[in-house]
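# What the coordinates show
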Amino acid sequence: MASLRTIMVPLKSFRVSSHINPLWGRSSTPAMVEIAFCATLVLLCPASVLLPWATLELYDGSIGKFLVSLGDKGGVYTVFHSAQASLPRVLDSIKLYGVWLVFQAALFVVLPGATGYGERTPAGNRLRYKINGLLSWFLTLGVYLLGALCSWWDADVVAKQWTGLMVAASAYGMVLTVVAYVKAHIAPSHSSDRKFSGSLFHDIFAGIELNPRIGHLDLKLFNIGRVGMTAWTIVNLSLAASQYQHFGYVCKGMVVVNILQNLYILDFFYHEEWYTRTIDIAHDHFGFYLAWGGAAWIPSMYTLQAQYLAHYPSNLPPVTALIILLVGVFGYWMFRASNHQRAVARRSSGNCVIWGKKPVVITAHYTTSNGERHTSLLLCSGFWGIVRHFNYIADLVLTFAMCAPCGTQNVLPYAYFIYMTVLLIHRTIRDEDRCSKKYGKDWELYKTQVPYALVPGIY
């Protein structure tokens, strides 16, 4: 890992204008509506991780029944009383979660790995990363399975301590948010890549530092990948074990969900170096959105299908299960193939073949905040000639296939698909705005070549 310079900055010296590249990033204090939205999320989200649990445990997995109950006398009390009653071993859960964090941090720092490089930041920095996520994932999976086989712990240990672990994860995410906020002010890793919006809640939610690090621990990559994505795998497997314990079998829907989601997770770690150049690492700053999101939102929201099936097994016909699996694999193939096309085009400077012919590309120019001028290649053919964000379409196909094994009786398992749809539409809007500021006229030229952003013929 690159050694990082720590810069001590007095609090009184902060001024928004000195930390903003006007052509790339936030350039003014956000609107009051946006500030209020950020404040609402920061205040309400920590309790949200228990809502799916309450719906599944108390209301037959029906969001409608849950919402109706909130209007009844004592409805809210029932939910919180039930949650409290399920936390007799909360200290054990906190200890277990603490061991999880320490174990993942140790693997992140100690395991060997190749050196990867992230995207160049607005200030011109290009950070080095030790790429060992795949090895860490396999070791974690191996330790979990070995411990279950040797009876060191129950295979459904996460399911048994679910509420306590979610409380611990949410608390950790909140603490990490505060640490990131304070660190950005008094000991930033790269002061020139900070953003100050002028709003306390907006800075807490969206983050100030772009790539904060403590020693060899990159907080962003660690929290999203090791704390969040690795937990996704362990939670799903524990829920499958819980289903077996309660019903005596693992249903086909649970098998399909685990295959598709672990395929996605395995791809994430296999292409970990590529991930360091995506929007999460290269453009989003580290605040509540990624700190609490990686710690609590990923394990609670992304595992909704396994949570639902652990309570209500889906007896899919074999043909239906196979079709859903193939649709998901097709979505994954489109996601990977589209990203591969773009990578090959950029790596070869357009001197390659895509869909049987030389690709159409635009050489776009941008300037970092230190005044240096750089170029990037925009691909206008292949998948990227259909829409400007084709990988998001592929992502949604895969996401829908992850939800489909749960059937159509309740909407709760599809909350993940709804969330991803909203997230990716919002990311499309953000990408469009960011690229317009970054590339200027070259982006406008690109839009004339590929007129639709996300949905051909519509948007």
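- As annotated in an unreviewed UniProt entry, the protein is 7-dehydrocholesterol reductase from Mycena pura.
- Per UniProt, the protein carries the Subcellular location (unreviewed entry) text "Endoplasmic reticulum membrane".
- Heading Sequence similarities (unreviewed entry) of the UniProt record for the protein holds this comment: "Belongs to the ERG4/ERG24 family."

### Description of the overall build of the protein
- For the protein, the count of helices and strands is 19 helices and six strands.
- Within the protein, buried positions represent 54% of all 459 residues.
- Long-range contacts, defined as pairs at least 24 residues apart, comprise 76% of the intrachain contacts of the protein with a sequence gap of at least 6.
- Accessible surface computed for the protein: about 20800 Å², of which carbon and sulfur atoms make up 66%.

### Some details on the packing of helix α17 (residues 390-403) against helix α18 (residues 415-439)
- Following both chains from N to C, one finds α17 and α18 inclined at 170°, their axes separated by 9 Å at the closest point. Regarding the angle of α17 to α18, the classification is roughly antiparallel. Contacts between α17 and α18 involve Tyr 392, Asp 395, Leu 396, Thr 399, Phe 400, Met 402 and Cys 403 from the first element and Tyr 416, Phe 417, Met 420, Thr 421, Leu 424, Arg 427, Thr 428 and Asp 431 from the second.
- Classifying every residue of the contact of α17 with α18 gives nine nonpolar, three polar and three charged.

### Digging into the packing of helix α6 (residues 133-149) against helix α11 (residues 252-270)
- In contact at an axis separation of 7 Å, α6 and α11 are set at 140° when each is read in the N-to-C sense. The angle between α6 and α11 places the two elements in the oblique class. For the pair formed by α6 and α11, the contact residues are Gly 133, Leu 134, Trp 137 and Phe 138 on the first element and Asn 262, Ile 265, Leu 266, Phe 269 and Tyr 270 on the second.
- Of the residues assigned to the contact of α6 with α11, the class counts are seven nonpolar, two polar and no charged.

### Overview of the state of the cysteines
- Counting across every chain of the model gives zero disulfides.
- Note on Cys 406: no disulfide assigned, nearest cysteine sulfur contributed by Cys 403 at a separation of 6.8 Å.
- With relative accessibility at 6%, the residue Cys 406 sits in the buried group.

### Observations regarding the pairing of strand β5 (residues 361-367)
- Burial along β5 is one-sided: the residues Ile 362, Ala 364 and Tyr 366 are buried and none of Val 361, Thr 363, His 365 and Thr 367 is.
- When β5 meets strand β6 (residues 373-379), the two strands line up antiparallel, connected through seven bridges. Across the sheet, the residue bridging to His 365 is Thr 375, located in β6.

### Concerning the pattern of salt bridges
- The tally for this structure, following the rule as stated, stands at 12 salt bridges.
- Between Arg 277 and Glu 273 there is a salt bridge; the shortest N-O distance is 3.8 Å.
- On the basis of relative accessible area, Arg 277 is assigned to the partly exposed category, the value being 31%.
- Note that Arg 427 is salt-bridged to Asp 280, the shortest N-O span being 2.3 Å. In this pair, Arg 427 sits in helix α18 while Asp 280 sits in helix α13 (residues 279-282), placing the two residues 147 residues apart along the sequence. Of the two residues, Arg 427 and Asp 280, neither departs from the other in class, the shared state being buried.
- Connected through salt bridges with shared partners, the residues Asp 154, Asp 156 and Lys 160 form a single ionic network.

### Points about a nonpolar patch on the surface
- Taken together, the side chains of Ile 425, Ile 429, Val 455, Ile 458 and Tyr 459 present a nonpolar region at the surface, about 460 Å² in accessible area.
- A relative accessible area of 46% places Ile 429 in the partly exposed class.

### Remarks on the UniProt feature "transmembrane region" (unreviewed entry) in the protein
- The positions UniProt marks with the feature "transmembrane region" (unreviewed entry) are residues 31-54, 96-114, 134-155, 161-182, 286-304 and 316-335.
- Taken end to end, residues 316-335 is 90% helix and 0% strand, and its two terminal C-alpha atoms sit 26 Å from one another.

### Description of the layout of surface pockets
- Each pocket or cavity is described by its volume, and for the second largest pocket that value is around 490 Å³.
- If you trace the second largest pocket, you find 20 residues lining it, with Leu 96, Trp 100, Val 157, Val 158 and Ile 234 closest to the centre.
- Within the residue set of the lining of the second largest pocket, elements represented by two or more residues are α5 (90-110), α6, α7 (157-160), α8 (162-186), α10 (219-247) and α14 (288-301).
- The biggest single contributor to the lining of the second largest pocket is α5, with five residues.
- Of the residues in the lining of the second largest pocket, the class split is 19 nonpolar, one polar and no charged.

### Here's the deal with the side chain of Glu 432
- Mapped onto the fold, Glu 432 is located in helix α18.
- Setting aside residues no more than four positions away along its own chain, Glu 432 makes contact with Arg 388, His 389, Trp 443, Lys 447 and Ala 453.

### With respect to the packing of aromatic side chains
- Under the counting rule described, the total for this entry stands at 29 aromatic pairs.
- Lying over the aromatic face of Trp 274, Arg 336 brings its terminal NZ or CZ to 5.1 Å of the ring centre.

### Quick word on unusual backbone geometry
- We note that Ser 349 has phi near 55°; this positive angle belongs to a residue other than glycine.
- Mapped onto the elements of the fold, Ser 349 is located in the loop between α16 (318-347) and β5.

### Observations regarding the confidence of the model for the protein
- Residues of the protein with pLDDT of at least 70 account for 88%, and the chain-wide mean is 85.
- At the level of individual helices and strands, the protein shows its lowest average pLDDT in helix α4 (residues 75-85), which scores 56, and its highest in α6, which scores 96.
- Under a pLDDT of 50 for its full length, residues 1-27 has, in the predicted model, 64 contacts with residues more than four places off or in other chains.

### Some thoughts on the environment of Val 182
- Residue position: Val 182 is located in helix α8.
- Residue Val 182 is classed as partly exposed on the basis of its relative accessible area of 38%.

### Looking at α16
- Over its 30 residues, α16 runs 43 Å from end to end, which matches the ideal 44 Å to within 8%, given 1.5 Å per residue.
- One or two positions beyond α16, positive phi appears at Ser 349, with a value near 55°.

The rules behind these values
- Residues numbered from 1 in each chain as written.
- Predicted model: local features only at pLDDT ≥ 70, side-chain atom pairs only at ≥ 80, totals over all residues.
- Heavy atoms only, no water.
- UniProt positions renumbered as here; feature names shortened; annotations may be inferred.
- Helix = DSSP H or I, 4+ residues; strand = E, 2+ residues; numbered from the N terminus.
- Buried < 20%, exposed > 50% of the residue type's maximum accessible area, 1.4 Å probe, protein only.
- Contact = heavy atoms within 4.5 Å.
- Areas by Shrake-Rupley, 256 points an atom, 1.4 Å probe, with all protein chains shown as cover.
- Axes fitted to C-alpha atoms, helices over the stretch in contact; angles between N-to-C directions.
- Parallel < 35°, antiparallel > 145°, perpendicular 65-115°, else oblique.
- Nonpolar A, V, L, I, M, F, W, Y, C, P; charged D, E, K, R; others polar.
- Disulfide = S-S within 2.5 Å.
- Pairing = 2+ DSSP bridges.
- Salt bridge = Lys/Arg side-chain N within 4 Å of Asp/Glu carboxyl O.
- Patch = residues over 30% accessible without salt bridge, like charges linked within 9 Å, V, L, I, M, F, W, Y side chains within 5 Å.
- 1 Å grid on protein atoms, 1.4 Å probe; cavity = no way out; pocket = protein on both sides within 12 Å on 5 of 7 lines; lining within 4 Å.
- Points joined across faces, edges and corners; volume = space filled by probe spheres on them.
- Phe/Tyr/Trp six-rings, centres within 6.5 Å; stacked < 30°, edge-to-face > 60°.
- Lys NZ or Arg CZ within 6 Å of the ring centre and 35° of its normal.
- pLDDT = per-residue confidence, 0-100.
- Expected span 1.5 Å × (residues − 1).

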